[in-house]
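Remarks on the overall topology
Chain residues, written in single-letter form:
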Amino acid sequence: MKFCTVKQYFDDENNNNVTNGIATTVIPLPNKHLKIKANNKEMEQYEQELLRNVMPQELTKLILAANYLNFKEALDFFCRTVANAIQNKSVDYVRKFFGLESDFEPGEEEKLCKEFAWSFEGVDED
Amino acid sequence: MSDYFPDEIIVEIFSRLPVKSLIRFRCVTKTWCSLISSHDFIKMHLNRSLSSTKNPPFLIFRHYDDKMEKEWFTLLSSNDPFPQNHFSKHLDCKWVFREQNRLVLEKQMKKKGFFAYPSDFKELHFPYRSFMKQNLYVVGSSNGLVCLLNDTPGDETDLVALLWNPSIRKSIFLPCPGVKFYPSLHPMHYLGFGYDPINDDYKLVRLVYLYDLFDQYSDGKKYFPVSDFQIYTLRTGAWRTITGHSCQIIADQSFSVFLNGSIHWFGHTREHNGDFHNANSASRNVILSFDIGDEDFHEMAVPKSLEEVHRFNMKVAVLDGLLALVPYRDQAFGGFCSVWVMKEYGVAETWTKLFNINFGNVLGFTMNGEVLVTKSGKLRIYDPNSQRTLNPHIHAQPESFYFDTYMESLVLLNVEDGVEESLIPQFESLFYGH
């Protein structure tokens, strides 16, 4: 099943998002998973390594590739990696990471932040 | 949403984030704010939490600390709520040269109590401390929501309840049921709280028992159940009365557990043998269960050997996802009890006695098989396998204890609380002053 989709993906010339680099990262994942499934610590290390070597934009492409390939385990892995990376970060960091800008009315954002001030405690420095 | 990520991916990432992060990220953009607060996302996040871990990660513990004179709501690890090394973590080892000094210091710390040393627990911020101080009763908790009752003796005719999600620090007051009873009938409310997965709704059910004025000649106070009962649902934000239900089972106490979609109370049947005064001796012990989806009552059998036993104080509980029954006999030095579980839900023949405890009564169970026991007003942790008992050093009245499993969720985030609060203007001054 997975091989068919991959072949189709490469054959589809309209798809410009896949580069060889991504193909070499996403596709070997199931093997890597099987090998280190039992060992959570190794997975954590692999995750850390992945985060260090891959820029957010690259991670985006990885996720999109995994999503297109309907590759559930890889998608789960990448989403979890992103979630772990951003969970303790500030609002500004997250905006930069996802390439977003605040669209709140003036004062609206402040009001929201004040109401839930407790959720800003202990957040990582940018 | 984002130039880089399609919406489905954003949602996949969000559903893996902890509650505190999600609350903060509502401030990123307006779209994110509506998404995180949307009913569908709240449900998705909850479902992911429910399916990802086998056991709930926390125990929620409530107690009134009489040394600190403080009402506490805390989250503890569900595996090891009161770790053995809790106090030694706070010993400044530089100054402790000899084992003797260390022991003396630890003894002093234990006198202050477990909660005097900030580690191994997370304090929850209960919003209405002064309002609820005197007569706080926890009905139950489900999917991160805790249902509390203000059990005011002053006004026995109505009830004031609160739904609280400590992980998002949000609470709403429920409107009063509006069904009142004459004070001379000494109404007693028995409540149960749970989640209805079919209708995706949270419900609070209220049974009322009235003092039987015509049975003043029997030994104990006789109560009869009112044939109507009230049910509150979060989706409607209102109470409904269900009439004409004739329940032949009397719940013995308000304490209930929610399991497998039903609320369970321990009770007994009303056997009418023509002789009204001897009704008690002919009645059987049973478990009254209320199916929260069907909104219907059912009877469940207790172990055969406990059916006719009336001298024990019996309580329902949940152990490892199974319905449990704890018959307890009070005595001068702690009393004794036993723990039974129904191995196959609904199959009476599968009731099995697991173990006895000969020094106290069961309060609850941890996720790794230990039992929280109250012994002469003190809390102990008992391991039925090793038969070891440990003292967690909690200084509180056992009547104030409440234990349940807990997991964080976003439930209540999208519920507007303004309306509910304004329905009880007479309580405003009480809780705004805390």
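Everything numeric in this text was worked out from a predicted model, so none of it was measured.

Focus on the pattern of salt bridges
According to the stated counting rule, one finds 21 salt bridges over all chains in the structure shown. For Glu105(A), the salt bridge goes to Lys30(B), with nearest N and O atoms at 3.4 Å. A residue pair is termed interchain when its members come from two chains, as with Glu105(A) in the loop between helix 7 (91–98) and helix 8 (108–115) and Lys30(B) in helix 3 (residues 30–37). Assessed through its relative accessible area of 44%, Glu105(A) is described here as partly exposed. Owing to a relative accessible area of 30%, Lys30(B) belongs among the partly exposed residues under this scheme.

Regarding the domain arrangement of chain B
Residue and element names in this part refer to chain B. Examined at the domain level, chain B breaks down into domain 1 (7–51) and domain 2 (59–64 + 120–432). Residue-level contacts link 14 residues of domain 1 with 14 residues of domain 2. A buried area of about 1200 Å², summed over both sides, lies between domain 1 and domain 2, and 73% of it is on carbon and sulfur atoms. When the buried surface of domain 1 facing domain 2 is broken down by residue, Val19, Ile42 and Leu46 rank first, second and third, together holding 45% of it. Counting every contact that joins domain 1 to domain 2 gives 0 salt bridges. Inspection of the domain 1/domain 2 interface yields 2 residue pairs in polar contact (both at pLDDT 80 or more). Of the residues forming the side of domain 1 that touches domain 2, the biggest block, 8 residues, is contributed by helix 4 (residues 39–52).

Section: helix 6 (residues 72–86) of chain A
Between its terminal C-alpha atoms helix 6 of chain A stretches 21 Å, which fits the 21 Å expected from 15 residues at 1.5 Å a residue. Of the residues making up helix 6 of chain A, those classed as buried are Ala74(A), Leu75(A), Phe77(A), Phe78(A), Cys79(A), Thr81(A), Val82(A), Ala83(A) and Ile86(A).

Section: the packing of helix 3 of chain B against helix 4 of chain B
All names here are of chain B. Viewed as axis vectors pointing N to C, helix 3 and helix 4 meet at an angle of 60°, and their least axial separation amounts to 5 Å. Between helix 3 and helix 4, the interaxial angle falls into the category oblique. The residues of helix 4 that touch helix 3, namely those facing Leu35, Ile36 and Ser37, are His39, Phe41 and Ile42.

Things to note about the sheet that holds strand 25 (residues 388–390) of chain B
All names here are of chain B. The strand order across the open sheet formed by 4 strands is 22-23-24-25, and the pairing between neighbours is antiparallel. Each edge of the sheet is formed by a strand with only one pairing partner; in this case those strands are strand 22 (361–365) and strand 25. For this sheet, the mean inter-axis angle between neighbouring strands, taken without regard to orientation, is 35°.

Let's talk about the nonpolar core
Ranked by internal contacts, the top residues of the largest apolar core, which has 68 residues, are Phe98(A), Leu163(B), Leu204(B) and Leu410(B). Looking at which element gives the most residues to this core, the answer is helix 6 of chain A, with 8 residues. Apart from the residues lying within four places of it in its own chain, the contact partners of Leu204(B) are Val139(B), Cys147(B), Ala161(B), Leu174(B), Leu191(B), Gly192(B), Phe193(B), Gln230(B), Ile231(B), Tyr232(B) and Trp239(B). Among the nonpolar cores identified, the runner-up in size contains 20 residues, and Leu91(B), Met109(B), Ile381(B) and Phe403(B) belong to it.

Some points on the interface of chain A and chain B
Each partner contributes to the interface: chain A provides 38 residues, whereas chain B provides 30 residues. For the chain A and chain B pair, buried surface summed over both sides reaches about 3000 Å², with 69% attributable to carbon and sulfur atoms. Together, Phe98(A), Leu100(A) and Trp118(A) form the three largest contributors to the area buried by chain A at its contact with chain B, with a combined 21%. The interface formed by chain A and chain B holds 3 salt bridges in total. Notably, a salt bridge pairs Glu108(A) with Lys30(B), separated by 3.7 Å at the nearest N-O pair.

Considering the UniProt feature "domain: SKP1 component dimerisation" (unreviewed entry) in chain A
UniProt marks residues 75–118 of chain A with the feature "domain: SKP1 component dimerisation" (unreviewed entry), using the numbering shown here. Span residues 75–118 of chain A is 64% helix and 0% strand, its end C-alpha atoms 31 Å apart.

Regarding the packing of helix 1 (residues 7–14) of chain B against helix 4 of chain B
Residues and elements named next belong to chain B. Packing of helix 1 against helix 4 leaves a shortest axis separation of 10 Å and a crossing angle of 50°. Accordingly, the angle class assigned to the pair helix 1 and helix 4 is oblique. As for how helix 1 packs across helix 4, the hand of that crossing is right-handed. Touching Val11, Glu12 and Phe14 of helix 1 are Phe41, Met44, His45 and Arg48, all from helix 4. When the residues that make up the contact of helix 1 with helix 4 are grouped by side-chain class, the tally is 4 nonpolar, 1 polar and 2 charged.

A few points about the domain arrangement of chain A
Residues and elements named next belong to chain A. Assigned domains of chain A: these are domain 1 (1–87) and domain 2 (88–126). At the junction of the two partners, domain 1 supplies 6 residues and domain 2 supplies 5 residues. Note on domain 1 versus domain 2: buried area summed over both sides is about 500 Å², and carbon and sulfur give 71% of it. Connecting domain 1 to domain 2 are 0 salt bridges. The interface formed by domain 1 and domain 2 contains 2 residue pairs in polar contact (both at pLDDT 80 or more). Those elements giving two or more residues to the side of domain 1 that touches domain 2 turn out to be helix 5 (56–68) and helix 6. Ranked by residues supplied to the side of domain 1 that touches domain 2, first place goes to helix 6 with 3 residues. For the side of domain 1 that touches domain 2, the per-class residue count stands at 5 nonpolar, 1 polar and no charged.

Notes on the sheet that holds strand 26 (residues 402–406) of chain B
Where strands meet in a sheet, backbone hydrogen bonds hold them as pairs that are either parallel or antiparallel. Residue and element names in this part refer to chain B. The 4 strands lie next to each other as 3-2-1-26, forming an open sheet whose pairing is antiparallel. Each end of this open sheet is capped by a strand with a single partner; those strands are strand 3 (121–123) and strand 26. The average undirected angle you get between the axes of adjacent strands in this sheet is 30°. One ladder, built from 8 bridges, connects strand 1 (residues 58–65) with strand 2 (residues 70–77); its direction is antiparallel. Note on strand 2: the bridge partner recorded for Leu59 is Leu76.

What counts as what
Along each chain, numbering runs from 1 in the same order as the chain's sequence is written. Think of it this way: whatever chain is written first is A, whatever ligand is written first is 1, and the rest follow in order. Side-chain atom pairs in this predicted model are given and counted only at pLDDT of 80 or more, local residue features only at pLDDT of at least 70, and totals for whole chains, interfaces and linings cover all residues. Side-chain metrics in this entry use all non-hydrogen atoms of the structure; hydrogen atoms and water are not considered. Just to be clear on terms, a salt bridge is a Lys or Arg side-chain nitrogen sitting within 4 Å of an Asp or Glu carboxyl oxygen. Only DSSP runs of H or I reaching four residues or more are called helices, and only runs of E reaching two or more are called strands; each is numbered from the N terminus. For each residue, the accessible area found with a 1.4 Å probe, counting protein chains only, is set against the maximum for its type, and the residue is called buried under 20%, exposed over 50%, and partly exposed in between. Note that domain bounds follow an automatic or database assignment of domains. Whether two residues are in contact is decided by their heavy atoms: any pair within 4.5 Å suffices. Buried area is calculated as the accessible area (1.4 Å probe) missing from two parts once they are joined, with the contributions of both summed. By the criterion applied in these results, polar contacts are pairs of N or O atoms within 3.5 Å in which, for protein atoms, one can donate a hydrogen and the other can accept it, and in which residues neighboring in sequence qualify only through two side-chain atoms. The length a helix should cover is 1.5 Å for every residue beyond the first. Helix axes use the C-alpha atoms of the stretch in contact, all axes being lines fitted to C-alpha atoms, and the angles between their N-to-C directions lie in the range 0 to 180 degrees. Should an angle fall under 35 degrees it is taken as roughly parallel, and over 145 as roughly antiparallel, whereas 65 to 115 is taken as roughly perpendicular and any remaining angle as oblique. We call two strands paired when DSSP finds no fewer than two bridges between them. Buried residues of nine kinds, namely Ala, Val, Leu, Ile, Met, Phe, Trp, Tyr and Cys, make up a nonpolar core once their side-chain atoms join them within 4.5 Å. UniProt positions are given in the numbering used here, feature names are shortened, and annotations may be inferred rather than shown by experiment. The hand of a helix crossing depends on one turn: near helix anticlockwise from the far one by less than a right angle means left-handed, and clockwise means right-handed. Any residue that is not Ala, Val, Leu, Ile, Met, Phe, Trp, Tyr, Cys, Pro, Asp, Glu, Lys or Arg is counted as polar, Gly included; the first ten are nonpolar and the last four charged.

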